[in-house]
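The residues making up each chain are set out below.
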Amino acid sequence: MKLLKDKRNLLIAGIIIGIVAFLLPLFGNPKNMGFCIACFVRDIAGGLKLHNAAVVQYIRPEIIGLILGSFLIAVVTKEFKPRGGSSPVLRFIIAAFVMIGALAFLGCPFRMIIRLSAGDLNALVGLLGFTGGVALGAFFLTKGFSLGRYQKQSSVEGVALPFVNIVLLVLFLDVPALFAFSEKGPGSMHAPIVISLLAGLVVGALAQKTRLCMVGGIRDTILVKDTTLLFGFISIFAVMLVLNLVTGNFKLGFAGQPVAHSDHLFNFLGMALCGLGSVMLGGCPLRQLILAGEGNSDSAVSVLGLLVGAAISHNFSLAGVANEGVKTNGRVAVIFGLVFLVAVALIKIYQVKKEEN
């Protein structure tokens, strides 16, 4: 009965989140980018002047809302549990590579589904790579990979990131001159602040209550044949597909897709890197934000890693370029990231086996 209830809740949450993600571009967000954790964290990095890519600089209220929505619902339902302390440096580095992979593809797993629902077949290539990366990560889990056990932390540790986001929101509203703002490009396209913040709060609360995570869904399907967590993203895809078809926003093909490219090899490898790193972290970028909101300082470290990874991607020309592809720097970074993560996993597995013997 609990399994059926979880699937029902995920289906309902997916429908609501899908509608929210469909509506945000109508209010001003870039097309096929109603919600994208990688893109929005990248924009925040630009808004904080951590990179100088003028077309992607904006403090996205959706990200602030996700963290605060998770935090508020976790406090109300007494699920706020400060914890963490396992491999913080490795988590930071792995998260940075997750972001590098996602930005090579030009989107997180969430946006991958959004793009696919609008007919972008480049996202299908990304999905294949993402699934492969998750499958490799699941294999490593079966061999004993772990970043270590978390420990109970103080309440101050748990509320640190939500508090920082509250301060960021206040400064964004009261002293906008502190931040950089794009005058053209994706960073200049955004829904009104109130709508963006409310959307983030709603999605954050729903994702916290349902444990929505595409990485978790694919991982659980592979490891224990449990498809429960996939229901949320299947629901998001289905409702957005219907809305795109009804409104004429569905365009099937590879070419001419909004903020996308057809460099198929690195769409595949970029999302493979994202998927593998997300399994190693214990959840996709969306899940890391949600866990950080409910007091997980390991995930808070991962969120900071995503932020720095976004800055690195644009400061060193690693990110994919719309309608062009991934340049040499980005290709090297993605391949190096895959090699690095595999090496980390193998070393960790070796250490576990050695301790067992």
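Residues numbered from 1 in each chain as written. Predicted model: local features only at pLDDT ≥ 70, side-chain atom pairs only at ≥ 80, totals over all residues. Heavy atoms only, no water.

Chemist: Got a minute to help me understand the state of the cysteines in this structure?
Modeler: Defined simply, a disulfide is a covalent bond joining two cysteines at their sulfur atoms. Under the definition given, this model contains zero disulfides. We note that Cys 213 lacks a disulfide partner, and the nearest cysteine sulfur, in Cys 284, lies 3.7 Å from it. With relative accessibility at 4%, the residue Cys 213 sits in the buried group. (Disulfide = S-S within 2.5 Å. Buried < 20%, exposed > 50% of the residue type's maximum accessible area, 1.4 Å probe, protein only.)

Chemist: For this particular structure, what's the right way to read the packing of aromatic side chains?
Modeler: For any pair of aromatic rings, geometry is given as the distance between the ring centres together with the angle between the planes. Overall, the coordinates contain 12 aromatic pairs when judged by the stated rule. Judged by centre distance (6.2 Å) and plane angle (45 degrees), the rings of Phe 35 and Phe 40 are tilted. Here Phe 110 and Phe 233 contribute two aromatic rings whose centre-to-centre distance is 6.1 Å and whose plane-to-plane angle is 85 degrees, an arrangement assigned as edge-to-face. Residue Phe 110 is found in helix H5 (residues 109-117), and its partner Phe 233 is found in helix H10 (residues 230-247); the two are separated by 123 residues along the sequence. A relative accessible area of 2% means that Phe 110 is categorised as buried. (Phe/Tyr/Trp six-rings, centres within 6.5 Å; stacked < 30°, edge-to-face > 60°. Helix = DSSP H or I, 4+ residues; strand = E, 2+ residues; numbered from the N terminus.)

Chemist: I keep staring at the environment of Leu 4 and nothing clicks. Help me out?
Modeler: Turning to its location among the elements, Leu 4 is positioned in helix H1 (residues 2-27). Along the sequence, Leu 4 and Lys 49 sit 45 residues apart, while their C-alpha atoms lie 46 Å from each other.

Chemist: In this structure, what is going on with the packing of helix H3 (residues 61-76) against helix H12 (residues 285-293)? I would like to understand it.
Modeler: Any two packed helices are characterised by how steeply their axes cross, that is the angle between the axes, and by the distance between the axes. At a minimum axis separation of 7 Å, H3 and H12 run at an interaxial angle of 50 degrees. Between H3 and H12, the crossing angle belongs to the class labelled oblique. As H3 packs across H12, the resulting crossing turns out to be right-handed. Across the interface between the two elements, Ile 63, Leu 66, Ile 67, Ser 70 and Phe 71 of H3 pack against Leu 286, Leu 289, Ile 290 and Gly 293 of H12. (Axes fitted to C-alpha atoms, helices over the stretch in contact; angles between N-to-C directions. Parallel < 35°, antiparallel > 145°, perpendicular 65-115°, else oblique. Left-handed = near helix turned anticlockwise from the far one by under 90°. Contact = heavy atoms within 4.5 Å.)

Chemist: It is not clear to me how the environment of Ser 302 should be interpreted in this structure. Could you clarify?
Modeler: Following the sequence through the fold, Ser 302 ends up in helix H13 (residues 297-315). Residues Ser 302 and Phe 179, 123 residues apart in the sequence, show an inter-C-alpha distance of 23 Å. Every residue in contact with Ser 302, bar those within four places of it in the chain, is listed here: Arg 91, Ala 95, Leu 281 and Gln 288.

Chemist: I keep staring at the nonpolar core and nothing clicks. Help me out?
Modeler: Side chains of nonpolar character tend, in soluble globular proteins, to be buried together. Grouped together as the largest cluster of nonpolar side chains are 97 residues, with contacts concentrated most on Phe 35, Leu 66, Phe 110, Phe 130 and Leu 286. In this structure Phe 130 touches Pro 109, Met 112, Met 214, Val 215, Ile 218, Met 271, Ala 272, Cys 274 and Gly 275, once residues within four positions along its chain are discounted. (Core = buried A, V, L, I, M, F, W, Y, C linked by side-chain atoms within 4.5 Å.)

Chemist: Explanation requested: the pattern of salt bridges in the structure shown.
Modeler: Taken as a whole and assessed by the stated rule, the structure comprises eight salt bridges. In this structure, Asp 43 engages Arg 42 in a salt bridge whose closest nitrogen and oxygen atoms are separated by 3.0 Å. With respect to class, Asp 43 is no different from Arg 42; both count as buried. Arg 331 is the partner of Asp 263 in a salt bridge, and the nearest nitrogen-oxygen pair spans 2.9 Å. Here the residue Asp 263 occupies a position in the loop between H10 and helix H11 (264-281), and Arg 331 occupies one in helix H14 (residues 328-356), the gap between them amounting to 68 residues. You can call Arg 331 partly exposed: its relative accessible area is 35%. Several salt bridges converge on common partners, so that one network encompasses Arg 42, Asp 43 and Arg 60. (Salt bridge = Lys/Arg side-chain N within 4 Å of Asp/Glu carboxyl O.)

Chemist: Even after reading the chapter, I still don't get helix H8 (residues 193-210), so can you show me in this structure?
Modeler: With 18 residues, H8 should reach 26 Å at 1.5 Å per residue; the first-to-last C-alpha distance of 26 Å fits that figure. All of the buried residues in H8 are Ser 196, Leu 197, Ala 199, Gly 200, Val 203, Gly 204, Ala 207, Gln 208 and Thr 210. Backbone geometry just downstream of H8 places Arg 211 in the positive-phi region, at approximately 60 degrees. (Expected span 1.5 Å × (residues − 1).)

Chemist: Would you take a moment to explain the side chain of Arg 115 for this structure?
Modeler: Relative to the elements of secondary structure, Arg 115 occurs in helix H5. Given a relative accessible area of 0%, Arg 115 falls into the buried group. Side-chain polar atoms of Arg 115 contact the side chain of Asp 120, separated by 2.8 Å. (Polar contact = N/O pair within 3.5 Å; in protein donor to acceptor, adjacent residues only side chain to side chain.)

Chemist: Mind showing me how you'd approach H11 here?
Modeler: Because the α-helix completes a turn every 3.6 residues, residues three or four places apart line up on one side. Taking 1.5 Å of rise per residue, the 18 residues of H11 would be expected to cover 26 Å, and the 26 Å separating its terminal C-alpha atoms lies within 8% of that figure. Of all the 18 residues making up H11, 15 are buried; the element is thus mostly covered by neighbouring parts of the structure.

Chemist: How do you make sense of the side chain of Gln 208 when you look at a structure like this?
Modeler: Topologically, Gln 208 is positioned in helix H8. According to the relative accessible area criterion, Gln 208 is buried, its value standing at 4%. Apart from residues lying up to four places away in sequence, Gln 208 is in contact with Ser 70, Ile 73, Ala 74, Glu 79, Ile 290 and Glu 294.

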